[in-house]
Amino acid sequence: MLFRKYLLVFILLFCNQLIFSQFVYTKQYTYESGLPANEILSIYKDSRNFVWAGTRFGVFVKDMENFKMMKRFEKIQFNNIWTITEDSEHNIWLGSYGQGIVKFTGQNFEQINLAKGLVSDRVRKLFLDNDLMYVAAQGGISIIDSKSKKIYNPSFEKNNNLALEAVCFFKYKNKIYVATMDHGVFEVSKTKLKLVNSYNRILYSFLDKNILYLSSNDGVFSISIDDFLANKKTYKLLNSPLIRDSDASNKQQSVLFAGYDYISGNGIIGEINGDKLLNQTKNFKIDSEYPNKIFSNPADNLLYVSSLDKGIFEVHLNHFLDYKTIDNRKVIEIISINNLDYFLSPLGLYIKDEETYKKHVSNDDFYHFMQQNRPKYSDFINKKNKDFQEINYDLKVNELRFIRIIKHNSSFWISTNIGLFELDFDGHFKTYLPIRPYYFAFFKNQFIVANSVSGMLIFDDLYNLKYKNHPDSQINIPKDVVSICQNDKAVFFGSSLDGLFKYENGKFTSYLQTNQFKETKLKMIKCVGNNQLMVATEFSKVYVFDVVGEKLIKKNEIDIRKIGGENISSIDVFENKIVIGTNRNLLIIDGKRMFTINNEQGFVDKDIHSSIYDGKILSLGVENGYYDINLNQLIHQQNKPKKVIVTGLKVNDEKYSREKFLWFNLIDRHLKLKNNENNIFIDFSIVNVDFPLNYKYRYRINPQENWSESFNDEFIFFRNLNHGSYKIELEITDTNNGNKQIVELVSLKIAAPFYLNIYFILLSILTLGLIVYKYYSIKISTLNKFNNLKINQLKEKNKQENQRLLLERKLTETRLVALQSQMNPHFIFNVLNSIQYYILDNDVDNAINSLGRFSHLIRQMLNLSTKNEISLNEEIEFLKLYNEVENFRWQNKVNFVVDIANEVDIYKTKIPPMLLQPIVENAFVHAFNQSYVNPTITLNVTHKEKYFVIKIEDNGKGFSKNIDSNKTHESKALKIIMARLHLLNNDKNDDVSIFSDENGTIVTMLLNVDWNNSLA
């Protein structure tokens, strides 16, 4: 039986009668796409187009290109999800083998388990019929009324001691049936399970067009449902791997199923259409040994297959692109003639009729034909003509390399590294020539070769190798040729260094020399009909020219780098559609629309070697096979409006709670926010997109504002928005087809700051009015008080001014008296007598000197007496001069010693003028006589607290006791000094003190440091 089963599987694998004849593209989602592992237990796509995946680790939902976990179920640790379905109100039901059922309403969920009346927590299958949810579990089944939430657990009779393990349901003639593993098939009612057939060991079953399919340990069988219910034994063995799941494909009028064997895997995705059973595993590109669940979504031609080893497969059943291989080898050239396709690959020439390769001309065939025909050209070969690249005939078959194939008349010409071959369209050899051209063309009975050795070779008789050499040293002869094309009028050459050339009417022309096209580094050229030319440069630019006679007229210029490409691999034009292959994508430009095909759509191998278009399908030869692209389907694909949902929102980094979302979408998109709630993070998603990586976005905060720069991530962040209203719009661009859609994402109303609130403004105005009123009231009162105070102050000031004037007058009078008392007549008389004595004694020098010093003293006295203040230094100098004059009659016996403390600056310290001279004069008059030995007067100045302490000390005869300055020593000069200090020290009573004994006299005076401010 195993042999028969696998024999049929082998037949199915190579069955060519495919019901799914469209192009198919399959995307795979694994743990790299957000799934927890590649073992997927269930798959479902709901009516809202959300794709759900059940795993051992929880529930995952597809979001754009990735799957994200439903974390809200974590707190009940709901996992091991075997089945997923949807009820009539579009709620999602999740069945766990071990934890019962969760019903999810888009915002909240409800758990239904054994404790709430479920027959068992080990749920295998959920089945909805009208409003009743049928639950297949270990131990029986439950029926849940999805509206009333009532649970029914129908009773049953077992025919053995094994637990009843319900596996699946099917419906026939409005009756529900359940298949079990060890107890047969039962008809289901709310109260009882009625056995209808005791067929044993059922793993899965489904009904299609009155045919019941049963998958069991004995294989897969089919039987008429009526025969099965009548217990007839008309079973047919299908010999397929065990079926695990199925789903109807409404558009295809067939059933798709997934299956695998326990041990060997041998996974299969099969299709049942009537009596045909087809293996679609290879066609659907399902690379899994254990596909276990399948879900078909006819609305968008998508098929989902979950597996136990390779994750999830998303099958696009009507794709515009298909990828095929020819022994997984490079397709060098593709040519189509009379409904036959010719593929030149490293393994030879393949001839294909529709889906069948009818012939293969192998490398061995080429090599043997060369060996047979080589002797004919021994003379030519032995000449070792320098105009040709030498052929190495010692090469082995596996070293043969194909270069290029072109069609000419009724033949193919194929160049290789062992020579040039001519074949007919049936693949039969006609000619071998011992030359190895790389770029060549047939043009008006000439064979033109761009020879890298010596220039251009033009054959007038190719079969006899008659040619003319045009050396590249001649002007306008192409060299370093990298591309060649031709039309009915001319042959064009593209050079990697010298630009574009043309050969027409036996003449070569350089468009660089004629200044019509100044690009020098070309990569490829392509002739479009007889009047157009495409040129691609090394700098990723493509030019389209109209060729009018000798002129090139630029029609279009395309900078590939500006539209997502860099390195150009192919250029072509088909029915006015420009096709450009780049290292990143394939660009198709149809008028003003541009289509981009890249990895996500299945265009992975981008190194394009050849292209051909049959009016419907564009075929591109690439490194490991070829692509077929249905251009009409691509260009005319429907542009369905995209549904954009807001899946997450943060305001000032505070995430919106789940209660504000329904089915992953923000319920209220009109947000009213406080003034400080102005940092907004928005997550969005597009539901049901085929190729999400092809989308790019822009936003604007209001319709009248400019669009942002384009971005690819599905989130937007606004920082520090000003107050006001915003209507945030999102522009979605599908780079696959250039379609754009603008949707309103959210609207924001951010409150103005409190100081701009109308009530605050009115209150502020009222408050300000009251403040102004109160202010002016207080101000008027204050002004009155101030005026009265001003008047009183003026009166007081006048009084103080009068007192100051009186004080100044007294001081002035004191100064005058002091001046008059500075030099008493006795002193002047003595000085003049001394001068007279010098004159009578004929001591002219001393007389003149004495007179000069005396006159200088008088001048200093008069000068100082006019000032309010002088420096201490000036006073000392005056006293020294006075001492000198007094010594005229003392024969310079009296010493004058000055002792100033370090803290006293004699230059900055100010004192009243001529304050000390009277004290010094008293010392001369009263302290000494002519016989006194070493008479000395000492001036000592110190600083104590806020006073200058001035001491004048002599070592004269002194007084017999202390003399109080206010009661004795009624010297007129002393009284004046005391009066002056009394005024300057602000009425201080101890301004002057005198101490005298037999050792001398000390006069101490205190002068306020700020004495001069007392007169201000």
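Residues numbered from 1 in each chain as written. Predicted model: local features only at pLDDT ≥ 70, side-chain atom pairs only at ≥ 80, totals over all residues. Heavy atoms only, no water.

Labelled according to an unreviewed UniProt entry, the protein appears under the name Signal transduction histidine kinase internal region domain-containing protein, originating from Algoriella xinjiangensis.

## So, the overall build of the protein
Scanning the protein from N- to C-terminus turns up eleven helices and 73 strands. Computed over the C-alpha atoms, the radius of gyration of the protein is 59 Å, more than 25% above the 31 Å expected from 2.2 N^0.38 for a compact globule of 1016 residues. Principal-axis analysis of the C-alpha atoms gives the protein an extent of 170 × 100 × 55 Å. Taking all 1016 residues of the protein together, the buried fraction comes to 51%. Here the protein displays about 50400 Å² of accessible surface, and carbon together with sulfur accounts for 49% of that area. (Helix = DSSP H or I, 4+ residues; strand = E, 2+ residues; numbered from the N terminus. Rg over C-alpha atoms; globule rule 2.2 N^0.38 Å. Buried < 20%, exposed > 50% of the residue type's maximum accessible area, 1.4 Å probe, protein only. Areas by Shrake-Rupley, 256 points an atom, 1.4 Å probe, with all protein chains shown as cover.)

## Re the UniProt feature "domain: Two component regulator three Y" (unreviewed entry) in the protein
The sites that UniProt annotates as "domain: Two component regulator three Y" (unreviewed entry) are residues 690–750. Regarding residues 690–750, the helix share stands at 0% and the strand share at 54%, and the terminal C-alpha atoms are separated by 37 Å. (UniProt positions renumbered as here; feature names shortened; annotations may be inferred.)

## Considerations on helix α10 (residues 917–927)
The buried count for α10 comes to nine of eleven residues, which makes it a mostly enclosed element. Within α10 the residues assigned to the buried category are Q917, P918, I919, V920, E921, N922, A923, F924 and A927.

## As for the nonpolar core
If you look at the biggest cluster of nonpolar residues, it comprises 45 residues, and the most contacted ones within it are L916, V920, I937, L939, I952 and M1005. Ignoring sequence-local partners within four residues, the contact set of L939 consists of I876, L879, F896, V897, V898, D899, L916, I950, K951 and I952. Grouped together as the second largest cluster of nonpolar side chains are 42 residues, I332, I391, F412 and L465 included. (Core = buried A, V, L, I, M, F, W, Y, C linked by side-chain atoms within 4.5 Å. Contact = heavy atoms within 4.5 Å.)

## Some thoughts on the packing of helix α8 (residues 844–864) against helix α9 (residues 872–886)
Two numbers describe how α8 lies on α9: the axes approach to 10 Å, and their chain directions differ by 145 degrees. Of the two elements, α8 crosses α9, and the hand of that crossing is left-handed. Contacts between α8 and α9 involve R853, F854, H856, L857, Q860, M861 and L864 from the first element and F878, L881, Y882, E884 and V885 from the second. The class makeup of the residues in the contact of α8 with α9 is eight nonpolar, two polar and two charged. (Axes fitted to C-alpha atoms, helices over the stretch in contact; angles between N-to-C directions. Left-handed = near helix turned anticlockwise from the far one by under 90°. Nonpolar A, V, L, I, M, F, W, Y, C, P; charged D, E, K, R; others polar.)

## Some points on the environment of A847
Within the secondary structure, A847 sits in helix α8. A C-alpha to C-alpha distance of 156 Å links A847 and S205, two positions 642 residues apart in sequence.

## Some details on the sheet that holds strand β5 (residues 66–69)
One open sheet accounts for four strands, arranged β2-β3-β4-β5; its pairing is antiparallel. Edge positions in the sheet fall to β2 (42–45) and β5, since each has one partner strand and no second. With strand direction ignored, the average angle separating the axes of adjacent strands in the sheet is 25 degrees. Pairing of β2 with strand β3 (residues 51–55), which is carried by four bridges, proceeds in the antiparallel orientation. Each bridged residue has a counterpart across the sheet, and for Y44 the counterpart in β3 is W52. (Pairing = 2+ DSSP bridges.)

## Regarding the UniProt feature "transmembrane region" (unreviewed entry) in the protein
Sequence positions flagged by UniProt for "transmembrane region" (unreviewed entry) are, in local numbering, residues 754–776. In residues 754–776, helix accounts for 83% and strand for 0%; the two terminal C-alpha atoms are 28 Å from one another.

## Notes on the pairing of strand β41 (residues 466–471)
Across six bridges, the pairing between strand β40 (residues 455–461) and β41 is antiparallel. Each residue of the ladder has a partner; that of M456, found in β41, is H470. What sits between β40 and β41 in their antiparallel hairpin is a turn of four residues, with L465 showing a positive phi close to 55 degrees.

## Quick word on a nonpolar patch on the surface
On the surface, a nonpolar cluster with roughly 960 Å² of combined accessible area is contributed by F754, Y755, L756, I758, Y759, F760, I761, L762 and I765. Topologically, F754 is positioned in the loop between β66 (739–750) and α6 (758–822). (Patch = residues over 30% accessible without salt bridge, like charges linked within 9 Å, V, L, I, M, F, W, Y side chains within 5 Å. Salt bridge = Lys/Arg side-chain N within 4 Å of Asp/Glu carboxyl O.)

## A word on the packing of α9 against α10
It is the contact of α9 with α10, at a shortest axis distance of 10 Å, that shows an interaxial angle of 25 degrees. Our classification of the angle between α9 and α10 gives roughly parallel. At the point where α9 passes α10, the crossing takes the right-handed sense. Mapping the contact onto sequence places E875, F878, L879, Y882, N883 and E886 in α9 and Q917, V920, E921 and F924 in α10. Per-class residue counts for the contact of α9 with α10 are five nonpolar, two polar and three charged. (Parallel < 35°, antiparallel > 145°, perpendicular 65-115°, else oblique.)

## Notes on the packing of aromatic side chains
The way to describe two aromatic rings as a pair is by their centre distance and the angle between their planes. Summed over all chains, the structure comprises 61 aromatic pairs. Look at F380 and F388: their rings are 5.5 Å apart centre to centre, the planes differ by 65 degrees, and that puts the pair in the edge-to-face class. Overall, F380 belongs to the buried group, its relative accessible area being 18%. You can call F388 buried: its relative accessible area is 13%. Taken together, a centroid distance of 5.6 Å and an interplanar angle of 45 degrees make the contact between F440 and F447 tilted. (Phe/Tyr/Trp six-rings, centres within 6.5 Å; stacked < 30°, edge-to-face > 60°.)

## Quick notes on α8
The end-to-end C-alpha separation of α8 is 30 Å, in line with the 30 Å expected for 21 residues at 1.5 Å each. Among the residues making up α8, those that are buried are A847, S850, F854, L857, M861 and L864. The arc enclosing the buried residues of α8, seen along the axis, measures out at 140 degrees, which places them on a common side. Away from the buried face of α8 by more than 90 degrees, exposed residues D845, I848 and R859 are located. (Expected span 1.5 Å × (residues − 1). Arc of directions from axis to C-beta.)

## Looking at the pairing of strand β70 (residues 936–944)
For a regular strand, the rule is simple: side chains alternate between the two faces of the sheet. Where strand β68 (residues 895–900) lies against β70, six bridges are found, and the strand directions are parallel. Bridging across to β70, I900 finds its partner in V941. A loop of two residues connects β70 with strand β71 (residues 947–954), the two strands running antiparallel in sequence, and E945 in this loop sits at a positive phi of about 55 degrees.

## With respect to unusual backbone geometry
Its identity is not glycine, yet K209 carries a phi of approximately 50 degrees, on the positive side. With respect to the element layout, K209 can be found in the loop between β18 (202–208) and β19 (211–216).

## Some points on the sheet that holds strand β32 (residues 348–353)
Two orientations exist for strands paired in a sheet by backbone hydrogen bonds: parallel and antiparallel. On the basis of which strands lie adjacent, the open sheet formed by four strands has the order β30-β31-β32-β33 and antiparallel pairing. The sheet terminates laterally at β30 (333–337) and β33 (356–362), the two strands that pair on one side only. Ignoring strand direction, the axes of neighbouring strands in this sheet form an average angle of 20 degrees. One ladder, built from six bridges, connects β32 with β33; its direction is antiparallel. When the bridges of β33 are listed, K352 appears paired with Y357. Against the sheet, helix α3 (residues 363–373) makes contact with β32 and β33, and its axis sits at roughly 35 degrees relative to β33, the strand it touches most.

## Notes on the side chain of S540
Positionally, S540 belongs in the loop between β47 (532–537) and β48 (541–548). You can call S540 buried: its relative accessible area is 2%. In contact with S540, not counting residues within four places along its chain, are I558, D559, I560, R561, E566, N567 and I568.

## Observations concerning the state of the cysteines
Tallied over the full model, the rule gives one disulfide. Bridging C485 to C527, the disulfide has an S-S length of 2.4 Å. On the sign convention where negative means left-handed, the S-S torsion of about 65 degrees between C485 and C527 marks this disulfide as right-handed. Highlighted residues: C485 in strand β42 (residues 481–486) and C527 in strand β46 (residues 522–528), separated in sequence by 42 residues. C527 shares its class with C485; the two are buried. (Disulfide = S-S within 2.5 Å.)

## Some points on the pattern of salt bridges
Throughout the structure, instances matching the rule amount to 32 salt bridges. Linking D182 and R201 is a salt bridge whose minimum nitrogen-to-oxygen distance equals 2.5 Å. With D182 in the loop between β15 (175–180) and β16 (185–188) and R201 in the loop between β17 (193–197) and β18, this residue pair connects regions lying 19 residues apart in the sequence. Notably, a salt bridge pairs D322 with K285, separated by 3.3 Å at the nearest N-O pair. One end of the pair, D322, is in strand β29 (residues 321–324); the other, K285, is in the loop between β25 (276–279) and β26 (291–297), and 37 residues separate them in sequence. Judged by relative accessible area, which is 11%, D322 ranks as buried.

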